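One-letter residues, chain by chain:
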Amino acid sequence: LTENSIIEQGIPEHTVITTCAYCGVGCGFRAGVKGEQVVRMTPWKAGKANEGHACVKGRFAFGYATHPDRITSPMIRDRIDQPWRSVSWDAAVRFAAEKFRNIQQQHGRNSIGAITSSRCTNEEVYLVQKLVRAGFGNNNVDTCARVCHSPTGFGLKTTLGESAGTQTFASVEKTDVAIVMGANPTEAHPVFGSRLKKRLRQGAKLIVIDPRQIELVNAPHIRADYHLPVNPGANVAVLNAMAHVIVSENLHDAAFIASRCERQAFADWRAFIADPGQSPEALAEATGVDPALLREAARLYATAGNGAIYYGLGVTEHSQGSTAVMAIANLAMLTGNLGREGVGVNPMRGQNNVQGSCDMGSFPHELPGYRHIADPATRALFETDWQVQLDPEPGMRIPNMFDAAVDGEFRGLYCQGEDVAQSDPNTQHIEAALGALECLVVQDIFLNETAKFAHVFLPGASFLEKDGTFINAERRISRVRRVMTPLAGKADWEATMAFANALGCDMDYRHPGEIMAEIARLTPTFEGVSYALLDEVGSLQWPCNQDAPLGTPTMHVNEFVRGQGYFALTEYLPTDERANRRFPLLLTTGRILSQYNVGAQTRRTHNSTWHGEDVLEIHAHDAQERGISDGDWVGIQSRVGTTVLHAKISGRVKPGVIYTTFHHPVSGANVVTTDNSDWATNCPEYKVTAVQVSRVSEP
Ligand code: SF4
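Please read these numbers as outputs of a predicted model, since none were measured by experiment. (Residues numbered from 1 in each chain as written. Predicted model: local features only at pLDDT ≥ 70, side-chain atom pairs only at ≥ 80, totals over all residues. Heavy atoms only, no water.)

**Regarding helix α5 (residues 150–159)**
Test applied: The cut-offs for exposure are 20% and 50% of the maximum accessible area for each residue type, with area from a 1.4 Å probe on protein chains only; residues under the lower value are buried, those over the upper are exposed, and the others partly exposed. Helix numbers and strand numbers start at the N terminus; a helix is a DSSP run of H or I with at least 4 residues, a strand a run of E with at least 2. Contact definition: two residues touch when any of their heavy atoms are within 4.5 Å.
Burial analysis of α5 places seven of its 10 residues in the buried class, which makes it a mostly covered element. Those residues of α5 not exposed but buried are S150, P151, T152, G153, G155, L156 and T159. Looking at the packing, one finds that the buried side of α5 touches β11 (307–311), α14 (313–316), α15 (321–334) and β12 (344–347). In the stretch just after α5, G161 is the one whose phi turns positive, near 105°.

**A look at the pattern of salt bridges**
To keep things clear, this is the line we draw: Each salt bridge in this description consists of a side-chain nitrogen of Lys or Arg and a carboxyl oxygen of Asp or Glu lying within 4 Å of one another.
Across all of its chains, the model carries 32 salt bridges by this definition. Between R146 and D142 there is a salt bridge, with its nearest N and O atoms 2.7 Å apart. According to the relative accessible area criterion, R146 is buried, its value standing at 3%. A salt bridge links E577 to R639; its shortest N-O distance comes to 3.2 Å. Separated by 62 residues along the polypeptide, E577 in the loop between β20 (539–541) and β21 (585–590) and R639 in the loop between β23 (633–638) and β24 (642–649) bring together distant segments of the chain. Overall, R639 belongs to the partly exposed group, its relative accessible area being 37%. Where salt bridges share partners, they join K130, D385, E518 and R521 into one cluster.

**Comments concerning unusual backbone geometry**
For residues besides glycine, phi is generally negative; the peptide bonds are generally trans as well. Omega for the bond connecting W542 with P543 falls within 30 degrees of zero, at 0°, which places this linkage in the cis form. Tracing the backbone shows P543 in the loop between β20 and β21. The backbone of Y370 shows a phi angle near 60°, a positive value even though the residue is not glycine. Here Y370 is to be found in the loop between β13 (366–367) and β14 (371–372). Taking the relative accessible area as the measure of exposure, Y370 reaches 6% and is therefore buried. One non-glycine residue, Q387, adopts positive backbone phi at about 60°. Position of Q387 relative to the elements: it lies in the loop between α17 (376–386) and α18 (398–406). For Q387, a relative accessible area of 66% corresponds to the exposed category.

**Considering the packing of helix α4 (residues 122–136) against helix α22 (residues 512–522)**
The packing of two helices is summarised by the inter-axis angle and the distance between the axes. Inclusion rule: An axis is simply a line fitted to the C-alpha atoms; with a helix, the fit covers only the stretch in contact. Between two such axes, the angle follows the N-to-C directions and lies from 0 to 180 degrees. To sort the angles, those under 35 degrees are grouped as roughly parallel, those over 145 as roughly antiparallel, those from 65 to 115 as roughly perpendicular, and the leftovers as oblique. A clockwise turn of the near helix away from the far one marks a right-handed crossing, whereas an anticlockwise turn of less than a right angle marks a left-handed crossing. Under the grouping applied here, Gly and all other residues not named as nonpolar or charged are polar, the nonpolar ones being Ala, Val, Leu, Ile, Met, Phe, Trp, Tyr, Cys and Pro and the charged ones Asp, Glu, Lys and Arg.
At a minimum axis distance of 9 Å, the contact between α4 and α22 shows a crossing angle of 65°. The orientation of α4 with respect to α22, classified from their angle, is roughly perpendicular. Helix-helix and strand crossings are classified by hand; for α4 and α22 the assignment is left-handed. Residue-level inspection shows N122, E123, Y126, L127 and K130 of α4 in contact with α22, the latter providing P512, I515, M516, E518, I519 and L522. Its residues placed into classes, the contact of α4 with α22 shows seven nonpolar, one polar and three charged.

**Structural notes on the nonpolar core**
The nonpolar side chains of soluble globular proteins are, as a tendency, buried together. We apply this condition: What is meant by a nonpolar core is a set of buried Ala, Val, Leu, Ile, Met, Phe, Trp, Tyr and Cys residues, joined one to another through side-chain atoms within 4.5 Å.
The biggest cluster of nonpolar side chains holds 67 residues, and the ones touching the most others in it are F100, Y126, F136, Y414 and F499. When residues in this core are grouped by element, the largest group, eight residues, is from helix α3 (residues 89–107). Membership of the second largest hydrophobic core comes to 53 residues, among which are C261, M333, L338 and Y572.

**Examining α17**
For clarity, the threshold we go by: Arc definition: it is the arc formed by the directions from the helix axis to the C-beta atoms.
Restricting attention to buried positions, one finds in α17 the residues T378, R379, F382, E383 and W386. Taken end-on, α17 shows its buried residues confined to a sector of 130°, consistent with a single buried face. The exposed residues of α17 that point more than 90 degrees off its buried face are P376, A377 and T384. Lining the buried residues of α17 we find α4, β13, β14 and α22.

**A few points about the environment of A65**
Within the fold, A65 resides in the loop between α2 (56–60) and β4 (75–76). As for A65 and G489, which are separated by 424 residues in sequence, their C-alpha atoms are 14 Å apart. Setting aside anything within four residues of it in sequence, one finds A65 in contact with R70, S462, L464, E465 and L487.

**Overview of the environment of D210**
Note the following rule: Two N or O atoms count as a polar contact when they lie within 3.5 Å, although within protein this holds only if one can serve as hydrogen donor and the other as acceptor, and sequence-adjacent residues are included solely when both atoms are side-chain atoms.
Inspection of the secondary structure assignment puts D210 in the loop between β9 (205–209) and α8 (215–218). Separated by 30 residues in sequence, D210 and V180 place their C-alpha atoms 8.2 Å apart. With residues up to four places along the chain from it excluded, the contact list for D210 reads G182, A183, H227, L228, P229 and V230. From its side chain, D210 meets the backbone nitrogen of R212 in a polar contact 2.9 Å long.

**Structural notes on the sheet that holds strand β18 (residues 468–471)**
Quick reminder of the rule: The rule for pairing is simple: two strands pair if DSSP sees at least two bridges between them.
Strand order in the open sheet formed by three strands is β18-β19-β20, with antiparallel pairing between adjacent strands. Each edge of the sheet is formed by a strand with only one pairing partner; in this case those strands are β18 and β20. Between one strand axis and the next, the sheet turns by 30° as a mean value, whatever way the strands run. Where strand β19 (residues 476–480) lies against β20, three bridges are found, and the strand directions are antiparallel.

**A word on the side chain of Q351**
Inspection of the secondary structure assignment puts Q351 in the loop between β12 and α16 (354–359). At 3.1 Å, the side chain of Q351 forms a polar contact with the side chain of R119.

**Observations regarding the confidence of the model for the protein chain**
We count it as follows: The predictor reports its confidence for every residue as pLDDT, a score running from 0 up to 100.
Mean pLDDT over the protein chain works out to 92, with 96% of the residues at or above the 70 mark. Per-residue pLDDT stays below 50 along residues 1–8; that stretch engages in 11 contacts with residues further than four places along the chain or on separate chains. If you check the scores for this complex, the pTM reads 0.93 and the ipTM reads 0.99.

**Section: the site of the ligand**
Inclusion rule: We call a residue near a molecule or strand when any one of its heavy atoms sits within 4 Å of it.
By nearness alone, every residue bordering the ligand is listed as C20, Y22, C23, G26, C27, F29, C55, K57, G58, P190 and V191. Residue assignment for the shell around the ligand shows that the elements contributing at least two residues are α2 and α7 (190–201). Partitioned by chemical class, the residues of the shell around the ligand number eight nonpolar, two polar and one charged.

**Focus on the sheet that holds strand β15 (residues 412–416)**
Judged by pairing direction, the sheet is mixed, and its seven strands sit side by side in the order β5-β4-β17-β16-β15-β6-β7 without closing on themselves. The sheet is open, and its two borders are formed by β5 (85–86) and β7 (141–143), each paired with just one other strand. Lying on the sheet, α4 is in contact with β6 (112–116), β7 and β15; it crosses β6 at an angle near 170°.

**Notes on the pairing of β11**
Successive residues of a regular strand alternate their side chains across the two faces of the sheet. With respect to burial, β11 is a largely interior element, five of its five residues being buried. What you see with β11 is no split at all: G307, I309 and Y311 on one side and A308 and Y310 on the other are buried throughout. Pairing analysis gives five bridges linking strand β8 (residues 177–181) to β11, with the strands arranged parallel. Following the sheet pairing, V177 is matched in β11 by G307. In this structure, β11 lies alongside β12, joined through four bridges in parallel fashion. Looking at the pairing, A308 lines up with G344 of β12.

Take a look at the structure:
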């Protein structure tokens, strides 16, 4: 795609300020509109997340919104082997509601549930969880954050008291040492990646902890000071070893710990971490990292002034994802790197609204604002406002829903904006679960892989067709503004409301601003948020309330949200997903700049020409052993499935580790990923799969 092809689409007649719908940086854009068509996306100079910058996805990859594959009419069918029938919205939601009510009558209240999406607005996610709790009468609601950053929620809430990143992106401008762990900012969060590079060019130091040499390891002029090529699955061991060095060499911030952290918890943790078994040397076989290098990196982080940690799915998507997040928080508390600019714990959220979808109460155990459903006072607040009785029992998580579907106990699913058949691990198991459902309602802009199993298809709206808000990785609430009429006649919040009312609810919102007013009324951290204020100031970082009427750029300044910081014990436990003679290589996965997640949007733009397929990176040593040459087709076999990709001989991975992306359904990386998941949250262990690779003639 070139500038010319954009210009050919026409000169905008007017512009509308909105927010990118791709990654968690949340860049502000001016959408240039001609008639009913967006012809240009120009980065918004006043956007605080991007300050006039943008990456190729936000800038150019918006054409999917009017792609011919868009479905613009609701559709129904009794069985999935029948053709779709286009029907009115009213007929579609009545059909779905009748099926869901019949299922509940026959199989009980808990036999239905919903999955919502981080691609949707806060208002849409809020409505889905309200529909489930008030309309379905259970708490079987989950979000796709389950499969990415749920360990962040658990880990940061446990240690610091709030399920969110601690800083602004701008904070990096005061960072002296950055740790980038299990994240690839220049590919997955490019505008932040550029900001980080700028800081590195100014002299800040960089430690990369990743099994693979990401671009930042060897980027021109900013080569990382340390690259710790951790074995997939051994993050906790690396973090513990770093903490061991800092404690044993007395590099910790004793004054910070004494004044800000729980005394007994620190004493217990210190006794654990000081044990020689936690040293870099003792853990070297597990980590795969040179102990001397690890020691130097730990010293650098502990002593160089402002230390900030940026981490991504390479931390969370493990059987010890939550433990690793807590180990990261431990490191930050240990060194006093919290509560001011330039420091902190910064989860790099993959999708545009991961933070928001979690904030909105889309987990089965939490109402909006991360308040537990079992808490009577919180329940009473929502019960009074919604005029319903709420179930105090937490509902099913996504994997529980799928397991129960296979067992015949879960029979109706409303799936909004999420292609679980492609994005969730162990595709075979997901397809068996979806195929067992009596009624699957899919709401999406395209007939995705999941829709193959659907009985009702509710056409979704792209971000250009609706009003609402997204919340980025720095807790920044930004407006999404409608620039086109919804192609199917309804925005997603209107479709959910219609479905809810067909089920007997009484929702009567005329604009998403009214939904945000309800969120603010019921959620202390959003108390001061309104569309009027957002229009006035551009964006706000929560908490936004009486104490912080213009939001909170840095969290935990004088005390932690939980009061005293909590050092959690973070024992390293190897994953069950071990390499052995049959499956001797460890597969890990990631993203590429020009594509986005399952590729449903970016593959329908000109971007696809830049990355037409997922390929397998393999070290020359492993390739040679298997007679594999660059460009060969290779079969990848794991304990659960097999897929075929082109091989690329690469020095970015070390022997024993292979890597691919997951943007294309044909290659289907998740055909081989397993059901292993984080012990605390069930976040799948996408990042470690033991596999065998062999050369094949054709797919
Ligand atoms: Fe969109 Fe992320 Fe690119 Fe910004 S960095 S333009 S939010 S994809």
